[in-house]
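Residue-level listing of the chains:
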Amino acid sequence: MGNSVLGIDAYREVAPKGTIDFLLRLAERARGRRFLHVNSTRYGGGVAEILTRLVPIMGELGIKADWEVIEGDPEFFATTKAFHNALQGTEQVFTEAMLEHYLEVNRANAERLRPAGDLVLIHDPQPAAMIEARPPEGKWVWRCHIDLSTPQRRAWAFLRRHVLRYNAAVFSLPAFAQQLPLPQFLVYPSIDPLAEKNRRMTKGEIAKILANLQIPDDKPILLQVSRFDRFKDPIGVINAYRLVKRYHDVRLVLAGGGAADDPEGAQVLAEVREAAGRDPDVYVLDLPSNAHLQINALQRSATIVIQKSTREGFGLTVAEAMWKGKPVIGGATGGITVQILYGVTGYTVNSVEGCAYRIRHLLSNPALMRKMGEAGREHVRRNFLVTRHLRDYLSLLVHLTA
Ligand code: UDP
């Protein structure tokens, strides 16, 4: 597939100068070591997307990189979904049977996969208890992708016991971490500039996709790309657009997905459609999960990209938009705060009014928008590309297995 074609050298033209040579030298120090990733899904979600690219590149660099995926029944995934919510602060009920089954499934997977390596990176809570089956050799690191700052106590007390057995933990933001008596590392997530979602597109390709989506290109486009989730505040975006619309003739595109298999998402989507009403300049797009090229084209067509979340994990849509040279206005929450450099690559905002104010400010300053777009692209180049992610993981491998 694409992975073998897109080797590390393909990134020379997008990563900061010197990055690839640095990676090659770093990899030399880790050559032949076994680096195993374990998570709970091969497809869907940011973790899987990045591993799909990282693992083959590590292999190409001479690391014995592997990626295993745990298996579980619906009860197991219902419990880990409850963990996911509880660890991010929503009250959930856990029965002894649920916790016992979680451990049971982890044991069965450990038996099946026999995870081992110089470095074993266990992603997220689902496989976290596999640490109970760790062999005597090798370092084990728990890679937490979620916000652990305000967990439900019972869920965290249960999980913490397992986390304590790791050699280290990795978080995506300092604010997401917990006090733990083990070394903790910060690794930001990243985007892949060569993936369909972010790769270069010709004007013709973009125009064709916009035409297919039936979006004319005769007005500036304000865009938010997000699952239909209340924390992404799509209604707030519509309200901000309404305030802007009195002064500027713009279009609003809300592109999302995931509503089909998520009852709450369907509810939010219905509310968004209702709020959009009959305004011919508001487009609500319910996209399939593989609409990467459509999202790419939309982001490239936008004048300003908005990510008005009131609560956010990392919010990689911000980096995606900045990579395409767009100024971004985002909610001052989660990873959005480290991606948007205030007044340099865009603005973080705390209200509908603030969002509308910044949109108007930018629409009246095309030169500023261009400048911010360029600054955003460079900010992403230095901090949020997959090559930087690779450097961090290789550094961890070298550091922990020296
Ligand atoms: N995304 C997508 N289709 C959608 C909505 C979002 O492919 O309908 C992608 C988006 O481009 C980004 C990711 O899903 O790559 C969302 O990641 P983010 O961290 O912004 O938010 P999350 O959905 O993980 O909370």
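All of these numbers come straight from a predicted model, not from anything done at the bench.

Draft legend 1. Main features of the environment of Pro 288. The topology assignment puts Pro 288 in the loop between strand S9 (282-287) and helix H10 (292-301). Taking C-alpha positions, Pro 288 is 27 Å from Thr 333, a pair spaced 45 residues apart along the chain.

Draft legend 2. Representation of the packing of helix H2 (residues 19-28) against helix H15 (residues 386-400) within the structure. Taken N-terminus to C-terminus, the directions of H2 and H15 make an angle of 20 degrees; their axes are 10 Å apart at the nearest point. By the criterion of interaxial angle, the relationship of H2 to H15 is roughly parallel. Once H2 is placed against H15, the crossing between them reads as left-handed. Facing Thr 19, Ile 20, Phe 22, Leu 23, Leu 26 and Ala 27 of H2, the residues of H15 in contact are Thr 387, Leu 390, Arg 391, Leu 394, Ser 395 and Val 398. Considering only residue class, the contact of H2 with H15 consists of eight nonpolar, three polar and one charged.

Draft legend 3. Region of interest: the pairing of strand S11 (residues 328-331). Two elements, strand S10 (residues 304-307) and S11, share three bridges in a ladder whose sense is parallel. Residue Ile 306 lies in a different strand from S11, and its bridge partner there is Ile 329. The handedness of the S10 to S11 crossover, carried by helix H11 (residues 316-323), is right-handed. As judged from the four bridges shared by S11 and strand S12 (residues 346-349), these two strands associate in the parallel manner. Of the residues in S12, the one forming a bridge with Gly 330 is Thr 348.

Draft legend 4. How the structure looks around H11. Of all eight residues in H11, seven are buried, a share of seventy percent or more. Every buried residue of H11 is listed here: Thr 317, Val 318, Ala 319, Glu 320, Ala 321, Met 322 and Trp 323. Of the surrounding secondary structure, the elements contacted by the buried residues of H11 are strand S7 (221-225), H10, S10, S11, helix H12 (336-339) and helix H14 (366-383). After H11 finishes, the residue Gly 325 shows a positive phi value of roughly 75 degrees.

Draft legend 5. Representation of the nonpolar core. If you look at the biggest cluster of nonpolar residues, it comprises 108 residues, and the most contacted ones within it are Trp 142 and Leu 298. Here this core gets eight residues from one element, more than from any other, and that element is H15. If near-sequence neighbours (up to four positions away) are discounted, Trp 142 is found in contact with Ile 122, Asp 124, Pro 125, Ala 128, Leu 148, Leu 159, Val 163, Tyr 166, Ala 168, Ala 169, Val 170 and Phe 171. Counting 29 residues, the second-largest nonpolar core is a separate cluster that includes Val 244, Ala 276, Tyr 347 and Val 349.

Draft legend 6. Up close: the site of the ligand. Around the ligand there are 13 residues in total, and Arg 227, Lys 232, Gly 256, Gly 257 and Glu 320 lie nearest to it. Take Gly 256: an N or O atom from its main chain is 3.2 Å from an oxygen atom of the ligand. Note that an oxygen atom of the ligand is positioned 3.3 Å from one of the backbone N or O atoms of Gly 315. Burial of the ligand by the surrounding chains reaches 77%, relative to a free accessible area of 540 Å². Put simply, the parts of the chain that give the shell around the ligand at least two residues each are strand S8 (251-257) and H11. A per-element tally of the shell around the ligand places H11 first, with three residues. Here the residues of the shell around the ligand are counted per class, giving three nonpolar, five polar and five charged.

Draft legend 7. Structural detail: the packing of aromatic side chains. Inspection of the entire model under this criterion finds 13 aromatic pairs. Judged by centre distance (5.0 Å) and plane angle (75 degrees), the rings of Phe 76 and Phe 77 are edge-to-face. Taking relative accessible area as the criterion, Phe 76 reaches 0% and is therefore assigned buried. Taking 5.6 Å as the distance between ring centres and 45 degrees as the angle between the ring planes, the aromatic pair formed by Tyr 188 and Phe 314 counts as tilted. You can see Tyr 188 sitting in the loop between strand S6 (184-186) and helix H7 (203-212) and its partner Phe 314 sitting in the loop between S10 and H11, a full 126 residues away along the chain. Of the residues examined, Tyr 188 reaches a relative accessible area of 21% and is grouped as partly exposed. Taken together, the ring pairs in this structure connect Phe 76, Phe 77, Phe 83, Phe 94, Tyr 102 and Phe 158 into an aromatic cluster. Of note, Arg 311 hangs over the ring of Phe 231, and the distance from its end group to the ring centre comes to 5.8 Å.

Draft legend 8. Molecular detail of the sheet that holds strand S1 (residues 34-39). With parallel pairing, the six strands of this open sheet are ordered in space as S2-S1-S3-S4-S5-S6. Edge strands, defined here as strands with exactly one partner in the open sheet, are strand S2 (64-69) and S6. Neighbouring strand axes in the sheet, compared pairwise and without regard to direction, differ in orientation by 20 degrees on average. Direction of pairing for strand S5 (residues 168-171) relative to S6: parallel, over a ladder of three bridges. Each residue of the ladder has a partner; that of Phe 171, found in S6, is Leu 186. This element, H15, spans S1, strand S3 (119-123), strand S4 (139-143), S5 and S6 of the sheet and lies at about 130 degrees to S3.

Draft legend 9. Structural context of the pairing of S8. Where burial is concerned, most of S8 is hidden: seven out of the seven residues are buried. Here S8 shows no split at all, with Arg 251, Val 253, Ala 255 and Gly 257 on one side and Leu 252, Leu 254 and Gly 256 on the other all buried. Examined bridge by bridge, S7 and S8 share five bridges and lie parallel to one another. Across the sheet, the residue bridging to Leu 222 is Leu 252, located in S8. By the bridge criterion, six bridges tie S8 to S9 in an arrangement that is parallel. What sits directly across from Gly 257, in S9, is Leu 287.

About the cut-offs
Residues numbered from 1 in each chain as written. Predicted model: local features only at pLDDT ≥ 70, side-chain atom pairs only at ≥ 80, totals over all residues. Heavy atoms only, no water. Helix = DSSP H or I, 4+ residues; strand = E, 2+ residues; numbered from the N terminus. Axes fitted to C-alpha atoms, helices over the stretch in contact; angles between N-to-C directions. Parallel < 35°, antiparallel > 145°, perpendicular 65-115°, else oblique. Left-handed = near helix turned anticlockwise from the far one by under 90°. Contact = heavy atoms within 4.5 Å. Nonpolar A, V, L, I, M, F, W, Y, C, P; charged D, E, K, R; others polar. Pairing = 2+ DSSP bridges. Right-handed = clockwise from strand over helix to strand, strands pointing away. Buried < 20%, exposed > 50% of the residue type's maximum accessible area, 1.4 Å probe, protein only. Core = buried A, V, L, I, M, F, W, Y, C linked by side-chain atoms within 4.5 Å. Near = heavy atom within 4 Å. Polar contact = N/O pair within 3.5 Å; in protein donor to acceptor, adjacent residues only side chain to side chain. Areas by Shrake-Rupley, 256 points an atom, 1.4 Å probe, with all protein chains shown as cover. Phe/Tyr/Trp six-rings, centres within 6.5 Å; stacked < 30°, edge-to-face > 60°. Lys NZ or Arg CZ within 6 Å of the ring centre and 35° of its normal.

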